[in-house]
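# Notes for the structure review
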Amino acid sequence: MKHNEAMKAPKSMSKAALDETPAYQAAVEYGIDVSQLEYMLTLTPAERLKRHDAALALVLAARRAGIRYYGFDPRSPEAS
Amino acid sequence: MVSTLDLLKRLNEHNVKYILVGGMACVVHGSHVVTQDVDICAPLTPENLSGLLAALAGSNPRFRMTSDLRPLPDLPESLAGFRNLYLITDLGQLDVLSEIAGIGEYSTVERHTIQVDLEGTPCRVLDLDTLIAAKKAMNSPKDRLMAKELEAIRERLGRSGKR
């Protein structure tokens, strides 16, 4: 897939200028890891999906590990 | 396929002392969160940093917080004085924290862990009560939301008599 340049963060905007935008500040205050967002914006959409797939493999492994540890699915213990 | 689980395998292979914390730890305890980053608490001693650098070798580790994504140096001495390392690698994102807010440094954190098996990779994970305390100490709306979810899980575990 061809990378859509419009999906990248505007390069003309400096980090300091970005820090001062209301939406950026609100995200920081909410607890969003904006450095992660900035990194993701340097990637193509296809690269972002690959990152997600790689992380998802660990998420699923962590979920299975929790089930093994508790002996049931801690998300719905009453159903186990 | 590239898997972020390989990051933890590599840490184990190089005898890095660490404890899984953050969103991935929340998933172990039943959270629905889908996260991309791996947060670990680890002592940033020369020995542990040496193991960390060896574990990350070849994975193109870079500092995520630098605008030019500066590469991680090869020598542990270069990292002396760092309290945390926010990294991006070809295997995924890794945040190395020397202490956890509301809990303390690694020596304290390691007293509050459970041991799990991540597809053959043994891993120490922050226990549920301590994870909740850590999330509450962070006090951002996102962390408070996570604390609420974990508290609900803890309550359900208690109500079902399975904890």
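The structure presented is a predicted model; accordingly, all values stated were derived computationally and were not measured. (Residues numbered from 1 in each chain as written. Chains lettered and ligands numbered in written order. Predicted model: local features only at pLDDT ≥ 70, side-chain atom pairs only at ≥ 80, totals over all residues.)

## So, the overall build of chain B
Basically, it comes down to this: A run of DSSP states H or I qualifies as a helix once it reaches four residues; a run of E qualifies as a strand once it reaches two. Both are numbered from the N-terminal end. Radius of gyration here is computed from C-alpha atoms only, and the compact-globule reference equals 2.2 Å multiplied by the residue count raised to the power 0.38. As a rule, residues whose C-beta atom has 12 or fewer other C-beta atoms within 10 Å are exposed, those with 20 or more are buried, and those in between are partly exposed; C-beta atoms are placed from the backbone. Here the contact rule is simple: place C-beta atoms from the backbone, and any two residues whose C-beta atoms are within 7 Å are in contact.
Along chain B, the regular secondary structure elements total 6 helices and 9 strands. Taking 2.2 N^0.38 as the reference for a compact globule, 163 residues should give roughly 15 Å; the C-alpha atoms of chain B span a radius of gyration of 16 Å, in line with that estimate. Along the three orthogonal principal directions, the C-alpha set of chain B runs to about 50 × 35 × 30 Å. Burial status across chain B gives 44% buried among its 163 residues. Across chain B, the fraction of contacts at a sequence separation of at least 24, relative to all contacts at a separation of at least 6, is 60%.

## Looking at the packing of helix α5 (residues 128–138) of chain B against helix α6 (residues 141–159) of chain B
All names here are of chain B. Inclusion rule: Every axis in this analysis is a line fitted to C-alpha atoms, fitted for helices over the stretch in contact. Angles between the N-to-C directions lie between 0 and 180 degrees. Each angle is binned into one of four classes, with values under 35 degrees roughly parallel, values over 145 roughly antiparallel, values of 65 to 115 roughly perpendicular, and all other values oblique. Here is the rule for handedness: rotate from the far helix to the near one, and if that takes an anticlockwise turn smaller than a right angle the crossing is left-handed, while a clockwise turn gives right-handed. Classes in brief: Ala, Val, Leu, Ile, Met, Phe, Trp, Tyr, Cys and Pro nonpolar; Asp, Glu, Lys and Arg charged; the others, Gly included, polar.
In the contact formed by α5 and α6, the axes pass within 8 Å of each other and the chain directions differ by 155°. Comparing their axes, α6 and α5 come out roughly antiparallel. Considering the relative orientation of α5 and α6, their crossing is left-handed. Between α5 and α6, the residues in contact are L128, L131, I132, K135, K136 and M138 and D143, M146, A147, L150, E151 and R154, respectively. For the contact of α5 with α6, the class distribution of residues is 7 nonpolar, no polar and 5 charged.

## Examining the pairing of strand β4 (residues 84–89) of chain B
Residues and elements named next belong to chain B. Basically, it comes down to this: Being paired, for any two strands, means DSSP has found at least two bridges between them.
Most of β4 is tucked away, with 5 of its 6 residues classed as buried. Bridge count between strand β3 (residues 62–63) and β4: 2 bridges; the pairing is antiparallel. By the bridge assignment, R62 is partnered in β4 with I88. Inspection of the sheet shows β4 paired to strand β5 (residues 92–97) by 6 bridges, in the antiparallel sense. What sits directly across from T89, in β5, is G92. The hairpin turn running from β4 into β5, its antiparallel successor, is 2 residues long.

## Notes on the environment of G23(B)
All names here are of chain B. Structurally, G23 is set in helix α2 (residues 22–28). C-alpha separation for the pair G23 and S98, spaced 75 residues apart in sequence, amounts to 17 Å. Leave out the neighbours within four places in its chain, and G23 touches V33, T35, D37 and D39.

## Focus: the confidence of the model for chain B
Residue and element names in this part refer to chain B. Test applied: For every residue, the pLDDT score states the predictor's confidence, bounded by 0 at the bottom and 100 at the top.
In this model, chain B carries an average pLDDT of 93, and 98% of its residues clear a pLDDT of 70 or more. Per-element mean pLDDT across chain B ranges from 91 in α6 up to 98 in helix α4 (residues 106–109). For this predicted complex, the interface confidence comes out at an ipTM of 0.82, alongside a pTM of 0.86.

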